[in-house]
Amino acid sequence: LKASGLWKEGAKMPGICYRPIVAFLPGGYSAEFRLSRKPRDDAERKSLRYGATRFPWFWKGQEQRVMVVEGVIDLLSAVALGFNGHVIGVTGCNQWKPEWFQELREKRDVRMFYVALDNDDSEMNPGQVWASKMSDEMKRLNLPNQIRKPPKGCDINDILRNKKGVKK
């Protein structure tokens, strides 16, 4: 478990069983410790899936807009905040492929992409560095887009938590 990144001795949440989704494991692997379907019987509570993350999480919306966020929690937070378009949850700020956006525009007649990656509270701020790179790549491909930068040190989930009065 230690070698795979599923157990971190001494951490606040040392194992996957305490976190339903982990996407930043060695080799670009992810793990889920939850059921993403109805249980087969009363004894079945959770399951463990482990493997390479090849595709982003996706929420099918009602409008011809797309918000790109980091991770499934931010994806669900965007929906909870009332965003009615499609939402893509990339597994990391630099874990995306331009083809995803092109294909989505063609299949869903997307009119606008909103790049809303984390506004990390660090000197390098990788979320915003990669938001700019993603936006530039979209412009190169003639995909209309805008960067929607969360407040400093925040992501979409923080915006939802602040709106609900939940402290970090």
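Before going into details, it helps to say that this report is about the structure given with it. (Residues numbered from 1 in each chain as written. Predicted model: local features only at pLDDT ≥ 70, side-chain atom pairs only at ≥ 80, totals over all residues. Heavy atoms only, no water.)

A word on the sheet that holds strand 6 (residues 86–90). Here five strands make up an open sheet; going across it, the order is 4-6-5-7-8 and the pairing mixed. With partners counted over all chains shown, the strands left at the sheet margins are strand 4 (57–59) and strand 8 (145–147), one partner each. Across the sheet, the mean angle from the axis of one strand to that of its neighbour is 20°, orientation sign disregarded. By the bridge criterion, four bridges tie strand 5 (residues 65–70) to strand 7 (residues 112–115) in an arrangement that is parallel. Bridge pairing links Val 68 to Val 115 in strand 7. The strands touched by helix 3 (residues 126–140) within the sheet are strand 5, strand 7 and strand 8, with strand 8 carrying the most contacts at an inclination of about 165°. (Pairing = 2+ DSSP bridges. Helix = DSSP H or I, 4+ residues; strand = E, 2+ residues; numbered from the N terminus. Axes fitted to C-alpha atoms, helices over the stretch in contact; angles between N-to-C directions. Contact = heavy atoms within 4.5 Å.)

Take the pattern of salt bridges next. Tallied over the full model, the rule gives four salt bridges. The partner of Glu 63 in a salt bridge is Arg 65, with the nearest N and O atoms 2.6 Å apart. The class for Glu 63 is partly exposed, based on a relative accessible area of 29%. The salt bridge partner of Asp 109 is Arg 111, with a shortest N-O separation of 2.9 Å. (Salt bridge = Lys/Arg side-chain N within 4 Å of Asp/Glu carboxyl O. Buried < 20%, exposed > 50% of the residue type's maximum accessible area, 1.4 Å probe, protein only.)

Residues spaced three or four apart along an α-helix point in a common direction, a consequence of the helix completing one turn every 3.6 residues. Listed as buried for helix 1 (residues 71–80) are Gly 71, Val 72, Asp 74, Leu 75, Ser 77 and Ala 78. Backbone geometry just after helix 1 places Gly 82 at a positive phi near 105°.

Moving on: the packing of aromatic side chains. Counting across every chain of the model gives four aromatic pairs. An angle of 80° between the planes, with centres 6.5 Å apart, marks the rings of Trp 96 and Trp 130 as edge-to-face. Of this pair, Trp 96 sits in the loop between strand 6 and helix 2 (98–108) while Trp 130 sits in helix 3, and the two are 34 residues apart along the sequence. In this structure Trp 96 comes out as buried when scored by relative accessible area, which is 16%. Aromatic pair Phe 101 and Phe 113: ring centres 5.9 Å apart, planes at 75°, arrangement edge-to-face. Here Phe 113 lies in strand 7 and Phe 101 lies in helix 2, a separation of 12 residues in the sequence. Given the relative accessible area of 1%, Phe 101 is considered buried. Overall, Phe 113 belongs to the buried group, its relative accessible area being 0%. (Phe/Tyr/Trp six-rings, centres within 6.5 Å; stacked < 30°, edge-to-face > 60°.)

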